[in-house]
Amino acid sequence: MNLSEKTTENVEFMIEQIKEKLKVLNLGAIKPSHFDEEMYEELKEIYEMVMKKPSFSPNEMQALVEELGNLRKNK
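The paragraphs below set out a description of the structure included in this document. (Residues numbered from 1 in each chain as written. Predicted model: local features only at pLDDT ≥ 70, side-chain atom pairs only at ≥ 80, totals over all residues. Heavy atoms only, no water.)

1. What to know about the overall build of the protein chain
In terms of regular secondary structure, the protein chain is built from three helices and zero strands. Secondary structure of the protein chain in N-to-C order comes out as α-α-α. Taking 11 Å as the expected radius of gyration for a compact globule of 75 residues, we find that the protein chain reaches 12 Å, a close match to that expectation. By principal-axis analysis of the C-alpha atoms, the protein chain measures approximately 30 × 30 × 15 Å. Going through the 75 residues of the protein chain one by one, you find that 31% of them count as buried. Of all intrachain contacts in the protein chain linking residues separated by at least 6 positions in sequence, the fraction that spans at least 24 positions is 70%. Total accessible area on the protein chain stands at roughly 5,100 Å², and carbon and sulfur atoms take up 49% of it. (Helix = DSSP H or I, 4+ residues; strand = E, 2+ residues; numbered from the N terminus. Rg over C-alpha atoms; globule rule 2.2 N^0.38 Å. Buried < 20%, exposed > 50% of the residue type's maximum accessible area, 1.4 Å probe, protein only. Contact = heavy atoms within 4.5 Å. Areas by Shrake-Rupley, 256 points an atom, 1.4 Å probe, with all protein chains shown as cover.)

As structure tokens, this is what we get:
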């Protein structure tokens, strides 16, 4: 998958991978539809950081979820 391209499919892929790696329990809280390509670079940075680390402390997980919340589109 070429994540250098700002596509909806790539946003969906990264969100799903982040959720899986962080073992997000409330899967409905983070949906690919909550994000758009405008925040793509920021989302990609979070994705790359999450994929590099083998595990996360509860504080790190909280910070990541908060950051993802900040990237959500306005409704």
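Next comes the rest of the account.
2. A word on the pattern of salt bridges
This structure, assessed with the given rule, holds three salt bridges. Where E60 meets K53, a salt bridge forms, and the shortest distance between an N and an O atom there is 2.5 Å. A residue is classified by how much of its surface remains accessible, and E60, at 30% relative accessible area, is partly exposed. Judged by relative accessible area, which is 26%, K53 ranks as partly exposed. (Salt bridge = Lys/Arg side-chain N within 4 Å of Asp/Glu carboxyl O.)

3. Quick look at helix 1 (residues 8–22)
Between the first and last C-alpha of helix 1 there are 21 Å, a value that for 15 residues agrees with the 21 Å anticipated at 1.5 Å per step. Every buried residue of helix 1 is accounted for by N10, V11, M14, I15, I18, K19 and L22. For helix 1, the buried positions fall inside an angular range of 165° around the axis, keeping them on one side. Opposite the packed face of helix 1, turned more than 90 degrees from it, sit the exposed residues E9 and E20. Contacts made by the buried residues of helix 1 are with helix 2 (40–52) and helix 3 (58–71). Where helix 1 ends, the next residue or the one after it, K23, has phi of about 55°, a positive value. (Expected span 1.5 Å × (residues − 1). Arc of directions from axis to C-beta.)

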